[in-house]
Every structure is written in structure tokens, then in C-alpha cells.
Amino acid sequence: MSMSPSNNDTSQDSVSAKEAAAKARRTTSRATAPASKAAGKAADKAGDAASAAAGTAERTAAATTAVAHTAAERVEAGRQAVVAASGQAVALARTTWTLIANRKIVVAGAGAGLTALGAASYAAGRRAGRRTLGPITRMTGGRI
């Protein structure tokens, strides 16, 4: 007999093929283990990044909503200020127009007021300039 294995033993060939396949699997898993771990870490980091991005987007949306709400409040306050100012301007314009439309009456009233003031001050001045009279002189009308 020869020292080499015979070709007729097929079970031995399948066992060595199985061993070779297992060895290849082990070698492949050893070779791909770092890549597999790196891929897992990358997936975790991507998940974390996606989570952080979602949180950032949510905070940004909340901040944007708050800014828009504040801006809307300020616009409303500005609108109310403009309405109040325009109301005052309308009142001033109406008063001015009334004075212009009734200028003759206003001038006559001012003239009458000045005349009354002058007459009152003249009378007060005349009274202050008179000599005081006693009670008997007042009773007799100044004859005694």
C-alpha cells in the first residue's frame, strides 16, 4: 500500500472540506471583526448624531416659534401705538379745522373777553385810587 490516502474514501474528503470551510469562516470573522466593530460604532454614532440633530431641530423650532410670537406681540403693540397717535392727530386736526371754520366767532369772543378784562381792570383801578370815606360821609353822600 502506498502512503498517500486513497481516492475512494469520500467521507474523509468531506470532513477535510468542512474543516477548511470552518477555518475559512474563522479567519474571515477575525479579519472582518475590526471592520464590523467599526461599522457598529459608526451606526451608534450616526444614531447619536441623528438624535442630537432631532433635538437641535426641535429646540430651533421652539426658539423660532418664540421669536415669531414675540415679533407678533411687538407688531400688535406698534399697531396700537399708531392707532392711538393717529387718533390724537385726528383730534388735533378737527380742533384746528373748527377754529379755522369759526374764526370770526373766535375772534369776536376773544375781543369781547379782552374788552371785559379791560373794563374790569379799569374799574378796579378807579376804585383803588379813590380816597376812603368814613361812615358819616358815606351816609350823607359826601356832603359832610
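Participant: With reference to specific residues and values, describe the overall build of the chain.
Facilitator: Across its full length, the chain carries 3 helices and 0 strands. Ordered by position in the sequence, the α and β elements of the chain form the string α-α-α. Counting over 144 residues, the chain shows a buried share of 0%.

Participant: Kindly report on the pattern of salt bridges, identifying the contributing residues and their values.
Facilitator: Scanning the model with the defined rule gives 1 salt bridge in all. Put simply, Glu76 and Arg79 hold a salt bridge, and the shortest N to O gap is 2.7 Å. In this pair, Glu76 and Arg79 both sit in helix H1 (residues 10-101), 3 residues apart, roughly one turn of the helix. Taking the relative accessible area as the measure of exposure, Glu76 reaches 33% and is therefore partly exposed.

Participant: Tell me about the confidence of the model for the chain, and please be specific about residues and values.
Facilitator: Mean pLDDT for the chain: 76, with 76% of residues reaching 70 or above. Looking across the chain, the model is least confident in H1, with a mean pLDDT of 76, and most confident in helix H2 (residues 103-129), with 83.

Participant: Please provide a residue-by-residue account of a positive patch on the surface, values included.
Facilitator: Positive charge collects at one region of the surface, where Lys23, Arg25, Arg26 and Arg30 lie side by side. Overall, the relative accessible area of 60% leaves Arg30 in the exposed class.

Each value, and the rule that gives it
Residues numbered from 1 in each chain as written. Predicted model: local features only at pLDDT ≥ 70, side-chain atom pairs only at ≥ 80, totals over all residues. Heavy atoms only, no water. Helix = DSSP H or I, 4+ residues; strand = E, 2+ residues; numbered from the N terminus. Buried < 20%, exposed > 50% of the residue type's maximum accessible area, 1.4 Å probe, protein only. Salt bridge = Lys/Arg side-chain N within 4 Å of Asp/Glu carboxyl O. pLDDT = per-residue confidence, 0-100. Patch = residues over 30% accessible without salt bridge, like charges linked within 9 Å, V, L, I, M, F, W, Y side chains within 5 Å. Areas by Shrake-Rupley, 256 points an atom, 1.4 Å probe, with all protein chains shown as cover. Lys, Arg positive; Asp, Glu negative; His and termini not counted. Charge placed at Lys NZ, Arg CZ, Asp CG, Glu CD.

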